[in-house]
Every structure is written in structure tokens, then in C-alpha cells.
Amino acid sequence: MAQSLPRPALRPFLPADTPLLAAIFAAAVQDLTGDDYSEAQQEAWAAAAEDEETFGKKLASELTLIATLQNSPVGFASLKGPDHIEMLYVHPSLAGQGVGAMLCDALEKLAGARGTKNLTVDASDNAQEFFAKRGYEAKQRNTVTVNGEWLANTTMQKTLANGASPGDSK
Ligand SMILES: CC(C)(COP(=O)(O)OP(=O)(O)OC[C@H]1O[C@@H](n2cnc3c(N)ncnc32)[C@H](O)[C@@H]1OP(=O)(O)O)[C@@H](O)C(=O)NCCC(=O)NCCS
């Protein structure tokens, strides 16, 4: 039977979080995306966090939230500008236990409170169903180059109502 987790806490990103978040990023890509992307694509994607200084600067330039369990980061998500979810990564050892939904929920509420009507995300193929379940609709198929590899993703959009996230039950 699945163990139920204590509810993770959320807090803003601090520069000192960078090495752990880079490790969560790489582990999530390596362990959770293999059904949809080749090993070469996964390696190129995971390598985006290898330069920790650049990765940390990117996290600091966005509105980045961290989910923690017993004060340890287990996932993170970032909002770029007022209306785009840029990153959402959960450590594979805690996948499927509601951490991603909690982070996404928080970004939706923050964006909604700032007056954003339509929130977008360029969803990786493995995450498309996660976002579809939350009411995001596929708008456009994209291919992007990451460290020399072509990766497909889908721009998805959710309309936020009055700063809340409609249909969200968590
Ligand atoms: C996508 C990701 C963030 C989801 O995080 P998570 O903590 O495992 O998700 P949750 O446990 O909160 O899942 C919420 C719901 O989505 C569903 N879901 C999560 N991942 C899914 C997947 N890969 N395929 C289908 N459904 C999925 C869950 O079953 C759950 O459904 P329910 O509400 O009916 O129970 C995580 O799998 C991840 O880090 N993936 C690799 C990185 C990535 O692709 N990030 C997205 C970049 S845009």
C-alpha cells in the first residue's frame, strides 16, 4: 500500500538551494522522461543544470518556489514573467505523490492574484497528461534544441478564473 506523505511545505528559492535543485532537475529528467525521450535527448536536457552558476541565476530571475519535506527540497517550480510556467521538477523518489500538483497550484494562485488570465507552459511529452488533468489545453506543438538535441514539447494554456484555479481539487 502506498505510504502517505506528510504535506510538503512551500517556500521561496534561496541561492543556497541551487546545487540540490540542480540534482533534482537532473534526476527528474533521467528517471521520469524515458518513455518519451531518447537517452541522448535526456542527457542533453539534464545537462542544462550542469553549470550551476547559470542555473542558479535563471532560478533567481524567475519566481521560483521550492517544495520541502522535513526542510529538504523535493521539488521546485518557476514562473517566468506573469504568465508562463518555466520549470516544474519533482524528485523521482517522490513522484506521483502530489508534490507537482502542490507546486503548480501555488504558481496558478500567485499568477491569478497578479491578474494573469491565461497561464501557459511548454509541457514536455511526459508531463502533458499532468497538465491536461489540471485543465491545460494543448495549443501548439514545438521543437526546441537543447545542447544540440531536438526535443518536442507542447504549449498548453489554462484560463485562470478570479485568481483561483478552476477544477483543482488538491
Ligand atoms: C511532471 C511532474 C512535475 C509531475 O510531478 P508529480 O509530483 O509526480 O505529480 P503529482 O503527483 O502531483 O500528480 C498530479 C496528477 O498528475 C498525474 N501525473 C503525474 N505525472 C504524470 C505522468 N507522467 N503521466 C500521467 N499522469 C501523471 C498524477 O497521477 C496525478 O493524478 P491524480 O490527480 O488523478 O491523482 C514530474 O513527473 C516531473 O518532474 N517530471 C520530469 C520533469 C518534467 O517533465 N517537468 C515538466 C516540464 S514542463
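Above this text you will find the structure in question.
Description of the structure in this document. (Residues numbered from 1 in each chain as written. Predicted model: local features only at pLDDT ≥ 70, side-chain atom pairs only at ≥ 80, totals over all residues. Heavy atoms only, no water.)

### Considerations on unusual backbone geometry
Next, step 1: The backbone of Asn71 sits at a positive phi, close to 70 degrees, despite the residue not being glycine.
Next, step 2: By the element assignment, Asn71 lies in the loop between strand 2 (63-69) and strand 3 (72-80).
Next, step 3: The backbone phi angle of Asn147 is positive, close to 45 degrees, even though this residue is not glycine.
Next, step 4: Examined against the element boundaries, Asn147 turns out to sit in the loop between strand 6 (137-146) and strand 7 (149-159).
Next, step 5: The exposure class of Asn147 is exposed, given its relative accessible area of 54%. (Helix = DSSP H or I, 4+ residues; strand = E, 2+ residues; numbered from the N terminus. Buried < 20%, exposed > 50% of the residue type's maximum accessible area, 1.4 Å probe, protein only.)

### Regarding the packing of helix 1 (residues 18-32) against helix 2 (residues 39-46)
Next, step 1: Across the interface, helix 1 lies against helix 2 with an axial gap of 9 Å and an inter-helix angle of 170 degrees. Between helix 1 and helix 2, the crossing angle belongs to the class labelled roughly antiparallel. Residue-level inspection shows Phe25, Ala26, Val29 and Gln30 of helix 1 in contact with helix 2, the latter providing Gln42, Trp45 and Ala46.
Next, step 2: Taken together, the residues that form the contact of helix 1 with helix 2 break down as five nonpolar, two polar and no charged. (Axes fitted to C-alpha atoms, helices over the stretch in contact; angles between N-to-C directions. Parallel < 35°, antiparallel > 145°, perpendicular 65-115°, else oblique. Contact = heavy atoms within 4.5 Å. Nonpolar A, V, L, I, M, F, W, Y, C, P; charged D, E, K, R; others polar.)

### With respect to the site of the ligand
Next, step 1: Taken together, 23 residues lie near the ligand, and Leu88, Gly96, Gly98, Ser124 and Asn126 sit nearest.
Next, step 2: Between the ligand and the protein, one listed contact pairs an oxygen atom with a backbone N or O atom of Val90 at 2.9 Å.
Next, step 3: With respect to the ligand, the side chain of Ser124 contributes an N or O atom lying 2.7 Å from an oxygen atom.
Next, step 4: Its free accessible area being 920 Å², the ligand has 76% of it covered by the protein chains.
Next, step 5: Listing elements by their share of the shell around the ligand, those giving two or more residues are helix 1, strand 4 (84-90), helix 4 (99-113), strand 5 (118-124) and helix 5 (128-133).
Next, step 6: The residue makeup of the shell around the ligand, split by class, is 12 nonpolar, seven polar and four charged. (Near = heavy atom within 4 Å. Polar contact = N/O pair within 3.5 Å; in protein donor to acceptor, adjacent residues only side chain to side chain. Areas by Shrake-Rupley, 256 points an atom, 1.4 Å probe, with all protein chains shown as cover.)

### Points about helix 1
Next, step 1: Taking 1.5 Å per residue, 15 residues should reach 21 Å; helix 1 reaches 21 Å between its end C-alpha atoms and fits that length.
Next, step 2: Burial in helix 1 covers these residues: Thr18, Leu21, Ala22, Ile24, Phe25, Ala26, Ala27, Ala28 and Val29.
Next, step 3: For helix 1, the elements touching its buried residues are helix 2, helix 3 (52-61), strand 2, strand 3 and strand 4. (Expected span 1.5 Å × (residues − 1).)

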